[in-house]
Structure formats: structure tokens, C-alpha cells
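# Chain and residue survey
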Amino acid sequence: MKRNNAFQRKYIPHALLEDGNFTLESNSFYIAGSHEDIIYLGNHFAPLYLKAINTQSKTTQDIKIEIENYQLPYKRVRIEVKPPHFFVGDGTVPVLFKGAIADWKARLFSHDKAYFYQYKIMDSASIAILTTSTKTNANTLGILKSKKDSTQLSLHPSILKQQINGTFDTDGLLLWDEQNQSIIYVYYYRNQYIIADKQLSNSTEGKTIDTISKAQIDVAYYPNKAEYKLGKSIMVNRFASIYGNNLYVSTDRLGKYEEEDILRSASIIDQYDIRDNSYIKSFYFYHQPNKKLKEFKVKNDRVIGLVDNQLWIYKIKSEHLKK
């Protein structure tokens, strides 16, 4: 499932320079955002706490977030930090709170508008979400926009293209491209990604170098529970990050002439230019052995990644940065 000799990568050796790493208390952290020298980490088991790591001074600070309502049935809280604001969201409730990093106090932004799996801050009044359409039961992209004292929801079911049932086959990663003011969606199970404008009114499609264009997934239906479950499937694009015109995709899929041993202590990251849908190069993100990358983000010339309980920080060498 990892091997595909139909494509060949162009590797840049030593494209990254290690800029530091931090050992965390547990492996339950996720990347909530970054600003200048500070990286914000959320914690799945302490949902209203942030850890702020200053990469310059090598110091950390624990931040307690206050929200307006603690009584809702929270299950999957996720914090997104985009200074000067931050959001706290739980798509199972569904609810979103918005606050300022000046005091870390959040007030209600949206409640009961739409259940969602992922959300991304576009600006202080607009949130992109991945949700399920009640009409088609398929994954759908949408926009939550605050206007005066209310929040409006608009869904755009035509953006994501169904291949099987519109659920597992359209699963993917929702990204926000701040520099181009674009919404990016990278499919998990096929070699495709979507670039859409801020209103989700226009979209184009790009492709990654893998050759799987139709999702190869095993979906089983259990009638006694009236639910579908995902079985053995080929994940083409595992993680992704966008910065400017550069889309970075991490995958376990091996191309021609590649050895599997490298994946024991490194992860593959492929780089694309979304302006002309071109593949640029690939490089290795090295980390501790026998552990898996679980998330990464690229901003400016910095690549940060979480591997188990370790935060790794690298800088892309200037000669390998594509403007």
C-alpha cells in the first residue's frame, strides 16, 4: 500500500536546518497557531489550556482560556490562534467562541448553526468549515460569517467531488492560505486538492504526484447500527500545510527507487506551486526514530512538526525557498 513506482520524486538533500526541538509533557498536543517567535500548542486532554513556546528565548508559558459557557456537552474542543484573535470550537456541540489574545477571554461567536469536523479562521468575522450536508449526507465546505448580532451559514456542496458515497471518499484537510486569501482542501484518498476563493464561489483543482485519482477505500455498512465504517484503504495525502503559493504535503507513499527504511526516522514532504499546479521538490523531515509525524505547519521559512511528545523546528535553506 505504500509502494507506487509510477512516480519519481526529486529530493533535495539537507534542505532543512534544525532550529530547535522541545520535549513536551505528553503526546496529546496539537499545533494551534504561531506568530513571530511564538508557537501555540493546544492539548486534547486539557482543552482550555495553551502552551506558548518562545523559540527565541526557549521559554514556555501556560495560558488558561476563559469561555462564556462551560455547560455545553463538549467532546472535541479545538483552539485556533490567529493574532490578535483566537477561536475555540467544538463541532460536536456545535459552537464557536471568539476572543482576543490580549486577555484570552472568549465570547460566543456561533451556536447551533452547523456541526463541523474542521474549521479555519479566515478573518475575525469569517470561518471556513468542513461539515455534512443534511440534504446529501456528503462532506461539504461552508462559511460561517458574523454580521452585526447574528451569524450566517452558507454551504457549497458542489466544491467537493464525490466518487463513492461522498463521505469517506471526500475526506481531507481544510487549510487557509492567508497570503492569497484562498481556501485549500487536500483530499486524503486521492491525488487531488481544491483551491477556492474566500466566498467558495469559484474553485480550481490541482494534483499531487501520486497516481491514485480514484479513492481506493473499503467501506462496510452495519445495518444494526445504521452506520458505515472505513476499512483497509490507501491514504495518499496524510498531512498538509499552505504558505503563500507553496503547498506542502506529507505522505507515507513511496515512489520509484525509494527505500522504506528512511520512514523509520523521517517523514516525506512534497512541495507544490499552486499557481501552475506544478511539483517542485521533496525533502525529508527528520525526527526521533520509530515514531510518526502527526502534524506539521509551514510559515515563512520555518517548518514545525509534532512527533509523539517532541516538537521539531526546522528552517528551509534560503536557496530552496520558492517565492
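Keep in mind that this is a model prediction, so the values were computed, not measured.

## Comments concerning the overall build of the protein
Scanning the protein from N- to C-terminus turns up zero helices and 27 strands. Relative to the compact-globule value of 20 Å for 323 residues, the protein shows a C-alpha radius of gyration of 20 Å, a close match. A principal-axis box enclosing the C-alpha atoms of the protein has dimensions of 55 × 55 × 40 Å. Within the protein, buried positions represent 51% of all 323 residues. Of the contacts made within the protein by residues no fewer than 6 positions apart, 47% connect residues no fewer than 24 positions apart. Approximately 15,700 Å² of the protein is accessible, and the part contributed by carbon and sulfur atoms is 48%. Each charge class in the protein was averaged separately, 44 positive and 35 negative side chains, and the resulting centres sit 3 Å apart.

## Considering the sheet that holds strand β10 (residues 105–111)
Reading across from one edge, β6-β10-β9-β8-β7 is the order of the five strands in this open sheet, with mixed pairing throughout. Looking at which strands have only one partner, the edges of the open sheet turn out to be β6 (66–67) and β7 (77–82). Where strand β8 (residues 85–90) lies against strand β9 (residues 95–100), six bridges are found, and the strand directions are antiparallel. Note on β9: the bridge partner recorded for V88 is F97.

## Describing the packing of aromatic side chains
In total, this model carries 13 aromatic pairs according to the counting rule given. Relative to W104, the ring of F86 has its centre 5.0 Å away and its plane inclined at 40°; by these criteria the two rings are tilted. Residue F86 is located in strand β8, and its partner W104 is located in the loop between β9 and β10; the two are separated by 18 residues in the primary sequence. The same class applies to F86 as to W104, namely buried. Between the aromatic rings of Y248 and F283, the centroid separation amounts to 6.4 Å while the plane-to-plane angle is 65°, which identifies the pairing as edge-to-face. Placement of the pair is Y248 in strand β22 (residues 246–251) and F283 in strand β24 (residues 278–286), with a sequence separation of 35 residues. F283 carries the same exposure label as Y248, and that label is buried.

## Here's the deal with empty space enclosed by the protein
Inspection of the entire model under this criterion finds one cavity of 30 Å³ or more. In this structure, the largest cavity spans a volume of roughly 60 Å³. For the largest cavity, the full set of lining residues is F7, R9, T208, I209, D210, V236, N237, V249, T251, D270 and Y272. Elements represented by at least two residues in the lining of the largest cavity include exactly β22 and β23 (266–273). In terms of residue class, the lining of the largest cavity is built from five nonpolar, three polar and three charged.

## Notes on the layout of surface pockets
Taken as a whole, the largest pocket holds about 800 Å³ of empty space. Along the walls of the largest pocket sit 31 residues, with R78, Y117, Q118, L173 and Y188 positioned nearest its centre. Within the residue set of the lining of the largest pocket, elements represented by two or more residues are β2 (29–35), β7, β11 (118–123), β15 (172–177), β21 (239–243) and β25 (293–299). Taken together, the residues of the lining of the largest pocket break down into 15 nonpolar, seven polar and nine charged. Looking at the second largest pocket, its volume works out to about 630 Å³.

## Things to note about the environment of Y40
Along the polypeptide, Y40 turns up in strand β3 (residues 38–43). When the C-alpha positions of Y40 and I53 are compared, they lie 6.5 Å apart, and in sequence the two are 13 residues distant.

## Quick notes on unusual backbone geometry
Cis peptide bonds are those with omega within 30 degrees of zero, and the linkage from P83 to P84 qualifies with 10°. Its place among the elements puts P84 in the loop between β7 and β8. Here V93 and P94 are connected by a cis peptide whose omega angle stands at -10°. Counting through the fold element by element, P94 comes out in the loop between β8 and β9.

## Quick word on the sheet that holds strand β4 (residues 49–54)
Judged by pairing direction, the sheet is antiparallel, and its four strands sit side by side in the order β2-β3-β4-β5 without closing on themselves. Each having just a single partner strand, β2 and β5 (59–64) make up the two edges of the open sheet. Strand-to-strand twist across the sheet, computed as the mean angle between neighbouring axes with direction ignored, equals 25°. When β2 meets β3, the two strands line up antiparallel, connected through six bridges. Paired with F29 across the strands is N43, a residue of β3.

## Focus on the side chain of T55
Inspection of the secondary structure puts T55 in the loop between β4 and β5. Residue classification places T55 among the buried positions, given a relative accessible area of 6%. Here R302 takes part through its side chain, which lies 3.3 Å from a polar atom of the side chain of T55. Those residues within four positions of T55 in sequence are excluded, and the remaining contacts are F22, D37, I39, R302 and I313.

The rules we used
Residues numbered from 1 in each chain as written. Predicted model: local features only at pLDDT ≥ 70, side-chain atom pairs only at ≥ 80, totals over all residues. Heavy atoms only, no water. Helix = DSSP H or I, 4+ residues; strand = E, 2+ residues; numbered from the N terminus. Rg over C-alpha atoms; globule rule 2.2 N^0.38 Å. Buried < 20%, exposed > 50% of the residue type's maximum accessible area, 1.4 Å probe, protein only. Contact = heavy atoms within 4.5 Å. Areas by Shrake-Rupley, 256 points an atom, 1.4 Å probe, with all protein chains shown as cover. Lys, Arg positive; Asp, Glu negative; His and termini not counted. Charge placed at Lys NZ, Arg CZ, Asp CG, Glu CD. Pairing = 2+ DSSP bridges. Phe/Tyr/Trp six-rings, centres within 6.5 Å; stacked < 30°, edge-to-face > 60°. 1 Å grid on protein atoms, 1.4 Å probe; cavity = no way out; pocket = protein on both sides within 12 Å on 5 of 7 lines; lining within 4 Å. Points joined across faces, edges and corners; volume = space filled by probe spheres on them. Nonpolar A, V, L, I, M, F, W, Y, C, P; charged D, E, K, R; others polar. Axes fitted to C-alpha atoms, helices over the stretch in contact; angles between N-to-C directions. Polar contact = N/O pair within 3.5 Å; in protein donor to acceptor, adjacent residues only side chain to side chain.

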